[in-house]
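Below, each chain spelled out in residue letters.
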Amino acid sequence: MTAYSPSVTVLILNWNGREVLPQCLDALLTLDYQAFRVIVADNGSNDGSLALVREKYPAVQSIDLGQNMGFSRGNNVAFSRIEDKSELLVLLNNDVYVRPDWLEQLVSPFSAPEVGISGAKLLFPDEIHIQHAGGELEYPSAMAHHIAYKEIDRGQVDDRREVPYVTGASLAIRWSLAEELGLFDEHFSPYYFEEADLCYRTRAAGYKIIYVPEAVAIHHEAFSAVKFDAQTAYAFHCNRLRMVLKHYTDDQLLNDFIPAELIRLQTMPMSADGLESIRRAYLETMLALSSKDALSDSDRTILGALSQWWEASLRVDPEHVPGLILGKPFIDPLFRKVLAVWQLFASKVLFWPIVKRQRATNALLWRAAQELAMRSSDVQDEELVAKELMSLRKELRRIGQ
C-alpha cells in the first residue's frame, strides 16, 4: 500500500446486470485497500440483480432507484442519495472486473491537489487488447475515440499522462469537485459525451485529467455497449453538436468547426441511414437553439451553419429525405412532404434575415409534424392532407416575404 490512502466510495450503476455483477463485486471485495466502500445503485432492474446483491453481498450497500434513469441521471441521483461523504468517488461499470492493485493505483494521482479526475487502462476480456487508454476528441470535428483502441498491449501506453478525457467505465473524481460540478450534465442523455463533458468542465475548473496505466481493469464491453444503429447515431451527433456548442469558443466555431463540418459532409462517404441520422441531429439542434428566448451572436452563427449543413446533406443524397422524428410510420410520407416544402423555401427563409425567419420556420414545421403525429391513428383524407400542405406552403411564403 502507498502512504496516500484517501477514503473512497465505489459506485456501480446497475441495470439487469445479474450475469456480470458477481465477477465485478468478487474482485472488488478482495482488494487490498482499507478505506473504501462499494455501493450498487440499481436502475430499475427486472432480472433479480438487486436481490442478488442484498442476499449474497451483505458488505455491499445498495440504492434502489426504482426505474431506469439512464447513465447520467442514474449516477447523479445515486450520488445525491449517499449520505456519508468520502474523499473520492469512483464510478465503475457493472461489467468491469479489476486487478488487485487497481484502486490503489487509480487514486494515487490525487496526492497532487491539481488532479481532479483519473481513469484506468481498460483491456478487452482477452486481457491482451487495449480498450481504453484515455480518450480524445478529434479537432475540430469532435469525433470521439479511445487512445490505442484494439491495439495489442505492448506497453506503448504505459506512461501516466494528462488526457482530454477518460471513460466513465472506471473513473475517479474528487468528491468535492463532483458536488461543485454537479457530476454529469443530463442534457447528454441518453448516451455519448457525458464523460468528455465532465472532463472538459473539470479542466475548465483548473484541474487535470490523468490516465493511470497501472490501474488495470477488464471490461466486458459487449454487455454494456450500445448498439450503433440509426437511433444511436442520431444521439451521437446530437450530443457531438451539444459538446461543440458548449465548449468551443466563438473563434473555434466560426473559423474551424463550421467549415470543417461542411467539408466533412461533402467528402465523407455516408450511408442513407447515416445521412438521415445527422440530418435529424441538425434539425433537433436548430429547434433547440431557435426556442431560446435570447440568441447570442454565436447562436446566430450556428443557426446559419446548421441550415448550410442541412442543405449540403440534401445535395449529397437529394433522393433520401429523412423519416419522421417521432417514429410513427403512418406519418412518414406526410412528414417527407413537409420536408420537401422545407427544401423549396429553405434558402429564402433561412438566410435574410436568418434568425427571425428561421425561428418562425422551425416552429411552423415542428408544429405541423406534431399535429400530424397526434392524428396518426386517424384515417387520413388525401384531399384534407393536400389542403393542409397548401396552407403550410402559404405560411412559409408569408414568412419568407
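Residues numbered from 1 in each chain as written. Predicted model: local features only at pLDDT ≥ 70, side-chain atom pairs only at ≥ 80, totals over all residues. Heavy atoms only, no water.

S.K.: Is there a simple way to think about the confidence of the model for the protein in this case?
M.R.: Any segment with low pLDDT has predicted coordinates that should not be analysed in fine detail. Summarising the model, the protein shows a mean pLDDT of 84, and 77% of its residues fall at 70 or more. Ignoring residues within four places in sequence, the model shows residues 343–355, a span with pLDDT below 50, making 26 contacts including any to other chains. (pLDDT = per-residue confidence, 0-100. Contact = heavy atoms within 4.5 Å.)

S.K.: Please clarify how the packing of helix H10 (residues 272–290) against helix H11 (residues 297–316) should be interpreted in this entry.
M.R.: The relative placement of two packed helices comes down to the angle between their axes together with the axis-to-axis distance. Axis separation between H10 and H11 bottoms out at 10 Å; the angle between their running directions is 155 degrees. Judged on the interaxial angle alone, H11 and H10 are roughly antiparallel. Crossing of H10 against H11: the hand is left-handed. On H11, the residues touching Leu275, Arg279, Tyr282, Leu283, Thr285, Met286, Leu289 and Ser290 of H10 are Asp299, Ile302, Leu303, Leu306, Ser307, Trp309, Trp310, Ser313, Leu314 and Val316. Among the residues making up the contact of H10 with H11, the classes are represented as 12 nonpolar, 4 polar and 2 charged. (Axes fitted to C-alpha atoms, helices over the stretch in contact; angles between N-to-C directions. Helix = DSSP H or I, 4+ residues; strand = E, 2+ residues; numbered from the N terminus. Parallel < 35°, antiparallel > 145°, perpendicular 65-115°, else oblique. Left-handed = near helix turned anticlockwise from the far one by under 90°. Nonpolar A, V, L, I, M, F, W, Y, C, P; charged D, E, K, R; others polar.)

S.K.: What exactly am I supposed to notice about the pairing of strand E12 (residues 208–219) here?
M.R.: For a regular strand, the rule is simple: side chains alternate between the two faces of the sheet. Burial of E12 is extensive: 10 of the 12 residues sit out of reach of the surface. Alignment of strand E5 (residues 96–98) against E12, held across 3 bridges, turns out to be antiparallel. Paired with Tyr97 across the strands is Ile218, a residue of E12. As judged from the 8 bridges shared by strand E6 (residues 115–123) and E12, these two strands associate in the parallel manner. In the sheet register, Val115 faces E12, and the bridge partner there is Lys208. As paired strands, strand E10 (residues 161–162) and E12 are joined by 2 bridges and run antiparallel to one another. Within E12, the residue paired with Arg161 across the bridge is Tyr211. (Buried < 20%, exposed > 50% of the residue type's maximum accessible area, 1.4 Å probe, protein only. Pairing = 2+ DSSP bridges.)

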